[in-house]
Structure formats: C-alpha cells, structure tokens
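An overview of the molecular structure
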Amino acid sequence: MDNPMKIAFSEIATPAKGVVAVVVTEERTLGATGRQLDEQTGGALSRALAAGRFKGKQGTSTTIVAPHGLDVDAVILVGLGKPGKIDGRGLRALGGSVVGKMNAAGAKAGAVAVDAVDGASIAPPAMAAEIALGARLGSYSFDKYHTKKKDEDKKSLGELTVMLDDPAAAEDAFTPNDNLADGVFLTRDMVSEPSNVKYPKTITEDIEALVEDGIEVEIFDREKMVGLGMGSLLGVAQGSEHEPYLAIMRWNGAPEGADAQPVAFIGKGVTFDTGGISIKPSQGMEEMKYDMAGAGTVVGLMKCLAGRKARVNVVGVVGLVENMPDGKAQRPGDVVTSMSGQTIEVINTDAEGRLVLADALWYTQETYKPQIMINLATLTGAIIICLGTYQAGLFSNNDELSERLIAAGKESGEEVWRMPLGERYDKDIDSAIADMKNVGKGREAGSVAAAQFLQRFVNGVPWAHLDIAGMAWMKRGDDPTVPKGASGYGVRLLDQLVRAHYEG
Ligand code: BES
Ligand code: MN
Ligand code: ZN
C-alpha cells in the first residue's frame, strides 16, 4: 500500500469540498443529513430520488454532480436497503463502494454521513465502524512498481470522514477494525510482491519486523530443520537457490486464568511454484507467485491479533520454500521421511504444498499442543473447479470447529464450504513403496486427496484445512471491499473466529 487513505470521524456538518455521501433506505427514504442537504439544495436530492430507478436498495447508489446550493462537487446517495436487514456485511460493502465511487470521481476528500436509522438493530457508532472498515479495505492499491502511472489513473481519495452524532464512540468501535485492515493490507502487500522480491529469506524479514507489534518470532533455517527431521518440507526446497525457512510467530495475549493452550494457524508459503520436475505449463505460471498466500494470511492475521491485543494465545507457523526444477531437485518417485517418521513417495513434485504443510503441522502439534489447528493453503487447482472463487474449501476432523468457521465466514463475508473426508479417500493415498504417496487417483477428488494427506499429520488435534486456491487472488473485482489482485482472504474470517470463540 503506497498512498494509504486516512479515516477520520467527526460530527455531522455540511462539507465545504470533495464529495459527500448520504444514506437512503428503501423505499426512497433520506436520513437526517440527507434531508438537511435536500433543503440546502432546494430539493435536488428528492428530485434525484424521484427521477431515477434508485430507491435505496442495498448495493445501489446514484450521484448528483455539482449540486446547486452546496460547495461539494457531488452528493452520492447510497442505498442501505431495508432497515431491519442492515448488517455488518452490507455496511462494509457500502463503505467500500462509497470509496470506489469517490475514487472514480477523482475526489481527494470525501465524507459519509451515518444517521440513525429507524428500525435498524445496529446503532450509528457500530454502523460507522463497519462502514469505515469496508472503506479502508476497498481503498487498497498496490502501485509501487508503476513509475509512470499518472496521478489521475491512481486512487485519488486521501481522506474519508465518517460523520455521526457520536464520533468518539465510533472511533472506539473502529479501533479493532483498523487493526484488522492493517493485517489484511500486510497480507495483500506480501502476496502482491513478485517472487524475485519475496522469497523465503525476504519473507522472514517481514516476519521479524512483527517483533515491533509484540510478537515473538523464531526462524528455523535448513540446518535446524535437518536436525528436526523435516525431510518432507526440505525435499521441496531442494531444487531452489533460495534457502528454505520455517517461521514461528507467537502472540501471548491470554489473560490469567484463561485457556493458555494456544490456537494455531499454519500457512503454505511456496514463494513460487513452478511444479518442480513435474513442471507446470508456462501459460499462467506467473500466477504461482501467490502460492505463498496461506503464509501471507497467517502473517497478516498475527499482526491483526497483536494489534488489537487479542485476549488469546496464538501461534502462527509458516513453511517458506521455493519449488524449482534443477539438477538437485527432487524427482518423481523419490521417497522422503517426514518429521512424523512417516515416509512419503513423491509421485508428483507439483503436489508440493502438502509436503511443506506435513512437517509444519506435525511440528506445531508436537511443540505447542494447540487446542485447535487451522491451516491455509493455495493447495489445489481442483478446489477452484469445485467452488470457483466465491468460497474456500473447508476440510476438518471436527464438527464444532467446522460450524464455527462456517458461521465466521457468513459474518465476515469470507465464506467457506465444508468438503468431505473419509476412509475411502484416505486409502487412495496409500503407496506401494512408502507409508503414503503425495497424490490420490489422478484428477478424481484431488482436493480431498490433498486434505487426507494433511490429516495424516495432525495427530488427532481438532483441525481444519482451508484450501484457498480460488480465493487468494481476485480477478473479479466485484466485491467493494476486495480490489482486484491479492485479496488477503482468511484474515477477516479467522479474526472473526477468534473474536467469537477463543478470547478469554
Ligand atoms: N499451487 C498449486 C495449486 C494452485 C493452482 C493454486 C491454481 C492456485 C491456483 C499446487 O501446488 C498444485 O500444483 N497442485 C496440483 C496438485 C496435483 C499435482 C495433484 C494441482 O492442483 O494441479
Ligand atoms: Mn504445485
Ligand atoms: Zn503449490
């Protein structure tokens, strides 16, 4: 993020410049600020409401440019929908789309008025905090490698003022959301970077910077991992000039008397995935720079949780490797021994994420005895075939954890869909020569086979695997809180999960 947009909260006033947004509920009902502006403009807002199709539906808006009687360049009427149905998700989308409209208009400053809404179950300060979160999330851009982009082609909005009767209460409610956006931005930045800039070593440097946030950081190099017997992870790294690392982050926020057993998050950090000797086709291979998004999400989540001083002990573990073909690279058919002692026949060197996670998961459960373990990985192309780019695949050995994740997905807007695990799928990864092989039956149930493989390394700990291959990089750009490119998917989901269930 190069030109971060600032958020400010203030009392309601008619702005003297920029663009102002006011809310409209169905059917065509202006809030208090809207009515005030309507008066100042001699009825321009009511005329706009009467003239067009816009009637205040959630997700819609209309713009009045250069309104007579006001100094602002434009008034945006944004739909809140039916008062009884206003929720956090809709408000965040509203915040993101207001920012999108203001940027499209080239506005440098903007304001949005948050009036109390009759019949809404959510009060203005909480509404403002959600709108501001959506606005920040939608303001993200990654422009650092454009040296010639004109200002007029960049996002223009430098500041958004959220106006309401109790700005101090809104500011308090917004603080944890602000930390959340910081975490999401860190993830997006890491994932956006190309692989010649972000490789295992440079990612460990980003992680070490989290010490500033009160996070304890430990970095294992190759030698340390050899000592631990992490042959599965190390086999993947064998063909790369870049040294592999395992990074461990700890946030100890649990209050005295609360559950001290940590919640653990584990991320796949393949900084570039060529496929190795089972090399990928060149078409689209550049996308494999985001194969470290699982690790990026864990890092952003740790920053968010530490930033808001979450009352829980958390451990984040990321396996950082590059998957390259080389004279030293591992071959199809090689057998490696994982830290768990289990042996793996590497049928396909492109099924490398599970090999990295096998050792990261085993290390995590053995070292920290976590109450739950959740791993994130851009693990399979097959999950994109199953679920597209609307929800991540959820695989779990625990129904309660699954239910919690599904609920957190609905609340945060980062949804998950539960996929099956089972004995017959598990059998598909048995190997003739080793304890298991790293692929199942070819293209059949490829995402399930990958999940079964991971399950052999969780040692019975309540665990969930999120296959985020379809979610980490957004080409759609139709979610106002997720600009095209690195989405930061998972930070909001898991922050919500922690907020709802794991804080003492
Ligand atoms: N990183 C890929 C999965 C992926 C694909 C992520 C598309 C994001 C977008 C993973 O390492 C991989 O290559 N998986 C293989 C597994 C196969 C060899 C069993 C796949 O999905 O084809
Ligand atoms: Mn691969
Ligand atoms: Zn991969």
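Residues numbered from 1 in each chain as written. Chains lettered and ligands numbered in written order. Predicted model: local features only at pLDDT ≥ 70, side-chain atom pairs only at ≥ 80, totals over all residues. Heavy atoms only, no water.

A look at the layout of surface pockets
- Put simply, the largest pocket is a space of about 1100 Å³.
- Every residue lining the largest pocket is counted, 43 residues in all, and those nearest its centre are Lys280, Leu379, Thr380, Gly381 and Ala382.
- Elements that contribute at least two residues to the lining of the largest pocket include exactly strand S10 (263–273), helix H10 (353–368), helix H11 (382–387), helix H14 (446–455) and strand S19 (473–474).
- In terms of residue class, the lining of the largest pocket is made up of 17 nonpolar, 13 polar and 13 charged. (1 Å grid on protein atoms, 1.4 Å probe; cavity = no way out; pocket = protein on both sides within 12 Å on 5 of 7 lines; lining within 4 Å. Points joined across faces, edges and corners; volume = space filled by probe spheres on them. Helix = DSSP H or I, 4+ residues; strand = E, 2+ residues; numbered from the N terminus. Nonpolar A, V, L, I, M, F, W, Y, C, P; charged D, E, K, R; others polar.)

Description of the pairing of strand S5 (residues 74–81)
- Among the 8 residues in S5, 8 count as buried, and that is most of the element.
- Taking every second residue as pointing to the same face, both faces of S5 are buried, with Ala74, Ile76, Val78 and Leu80 on one and Val75, Leu77, Gly79 and Gly81 on the other.
- Strand direction decides the pairing type here: strand S2 (residues 19–25) and S5, joined by 7 bridges, are parallel. Within S5, the position partnered with Val24 by the bridge is Gly79.
- Strand direction decides the pairing type here: strand S4 (residues 61–65) and S5, joined by 5 bridges, are antiparallel. Its bridge partner lying in S5, Thr62 is registered against Leu77. (Buried < 20%, exposed > 50% of the residue type's maximum accessible area, 1.4 Å probe, protein only. Pairing = 2+ DSSP bridges.)

With respect to H10
- Taking 1.5 Å of rise per residue, the 16 residues of H10 would be expected to cover 22 Å, and the 22 Å separating its terminal C-alpha atoms lies within 8% of that figure.
- Summarising burial for H10: 14 of the 16 residues are buried, a large majority.
- Lys369 lies just past H10 and shows a positive phi near 40°. (Expected span 1.5 Å × (residues − 1).)

A word on the packing of aromatic side chains
- As enumerated under the stated definition, the model contains 7 aromatic pairs in all.
- Grouping aromatic residues by their ring pairs yields a cluster made of Phe220, Tyr363 and Tyr368.
- Looking at Arg136, its charged tip hangs above the ring of Phe185, at a distance of 4.9 Å from the centre.
- The ring of Phe220 has Lys224 sitting right over it, with the charged end atom 4.9 Å from the ring centre. (Phe/Tyr/Trp six-rings, centres within 6.5 Å; stacked < 30°, edge-to-face > 60°. Lys NZ or Arg CZ within 6 Å of the ring centre and 35° of its normal.)

Notes on the site of ligand 1
- By nearness alone, 17 residues border ligand 1, and Lys280, Asp291, Asp350, Glu352 and Gly381 come closest of all.
- In the model, an oxygen atom of ligand 1 is placed 2.7 Å from a nitrogen or oxygen of the Gly381 main chain.
- The protein chains hide 80% of the 520 Å² of surface that ligand 1 would expose on its own.
- With respect to the detected pockets, ligand 1 is housed in the largest pocket.
- For the shell around ligand 1, the residue count by class is 6 nonpolar, 4 polar and 7 charged. (Near = heavy atom within 4 Å. Polar contact = N/O pair within 3.5 Å; in protein donor to acceptor, adjacent residues only side chain to side chain. Areas by Shrake-Rupley, 256 points an atom, 1.4 Å probe, with all protein chains shown as cover. Sits in = over half its atoms within 2 Å of the grid points.)

Considerations on the coordination of the zinc ion (ligand 3)
- For the zinc ion (ligand 3), every protein donor is listed as Lys268 (NZ), Asp273 (OD), Asp291 (OD) and Glu352 (OE), and the spread of their distances is 2.0 to 2.4 Å.
- Given 6 donor atoms and angles of 78 to 174° at the metal, the environment of the zinc ion (ligand 3) is assigned as octahedral.
- Look at where the donors of the zinc ion (ligand 3) fall in the sequence and you get K-x4-D-x17-D-x60-E.
- A relative accessible area of 3% places Asp273 in the buried class. (Donors = N, O, S within 2.8 Å, 3.2 Å for Na, K, Ca; no water. Tetrahedral: all angles 85-135°; square planar, octahedral: opposite > 155°, others 65-115°.)

Points about the environment of Arg308
- Among the secondary structure elements, Arg308 is positioned in the loop between helix H9 (293–307) and strand S11 (313–323).
- Along the chain, Arg308 and Thr204 lie 104 residues apart, while their C-alpha atoms are 23 Å from each other.
- The residues touching Arg308, leaving out its near neighbours within four places in the chain, are Pro176, Asn179, Asp495, Val498, Arg499 and Glu503. (Contact = heavy atoms within 4.5 Å.)

Notes on the nonpolar core
- Ranked by size, the top nonpolar core spans 51 residues in total, and within it Met249, Phe265, Ile374, Leu405, Leu466, Ile468 and Leu494 carry the most contacts.
- For this core, the leading source of residues is H9, giving 8 residues.
- Membership of the second largest hydrophobic core comes to 41 residues, among which are Met225, Val317, Leu357 and Leu361. (Core = buried A, V, L, I, M, F, W, Y, C linked by side-chain atoms within 4.5 Å.)

Considering the coordination of the manganese ion (ligand 2)
- The protein atoms that coordinate the manganese ion (ligand 2) are Asp273 (OD), Asp350 (O), Asp350 (OD) and Glu352 (OE), at distances of 2.1 to 2.2 Å.
- Coordination at the manganese ion (ligand 2) comes from 6 donor atoms whose angles at the metal span 71 to 167°, giving a geometry best classed as irregular.
- Within one chain, the residues donating to the manganese ion (ligand 2) are spaced in sequence as D-x76-D-x1-E.
- If you look at the manganese ion (ligand 2) and the zinc ion (ligand 3), they sit 3.2 Å from each other and are both ligated by Asp273.

Thoughts on the sheet that holds S11
- Ordered by their spatial adjacency, 8 strands build an open sheet running S8-S9-S11-S10-S14-S18-S15-S16, and the pairing between neighbours is mixed. Two strands in the sheet have a free side with no partner beyond their single neighbour: strand S8 (216–220) and strand S16 (416–418). Pairs of neighbouring strands in the sheet enclose a mean axial angle of 20°, with direction left out of account.
- The pairing of strand S15 (residues 392–396) with S16 spans 3 bridges and is parallel. If you follow Ala392 over to S16, its bridge partner there is Val416. (Axes fitted to C-alpha atoms, helices over the stretch in contact; angles between N-to-C directions.)

Observations concerning the domain arrangement of the chain
- Domain annotation for the chain reports domain 1 (6–164) and domain 2 (182–501).
- Here the C-alpha centroids of domain 1 and domain 2 sit 38 Å apart.
- At the junction of the two partners, domain 1 supplies 15 residues and domain 2 supplies 19 residues.
- At the boundary of domain 1 with domain 2, total buried surface from both sides reaches about 1400 Å², with 54% on carbon and sulfur atoms.
- Summed over the three residues of domain 1 that lose the most area to domain 2, namely Arg89, Leu137 and Tyr140, the buried surface amounts to 45% of that side.
- The interface formed by domain 1 and domain 2 includes 3 salt bridges.
- Residue Arg136 is joined to Asp182 by a salt bridge in which the shortest nitrogen-to-oxygen separation is 2.9 Å.
- At the junction of domain 1 and domain 2, the tally comes to 9 residue pairs in polar contact (both at pLDDT 80 or more).
- At the level of elements, helix H3 (88–104) and helix H4 (124–138) are the ones that each hand at least two residues to the side of domain 1 that touches domain 2.
- Sort the elements by how many residues they give to the side of domain 1 that touches domain 2 and H3 lands first, with 5 residues. (Domains from an automatic or database assignment. Buried area = accessible area lost by both parts, 1.4 Å probe. Salt bridge = Lys/Arg side-chain N within 4 Å of Asp/Glu carboxyl O.)

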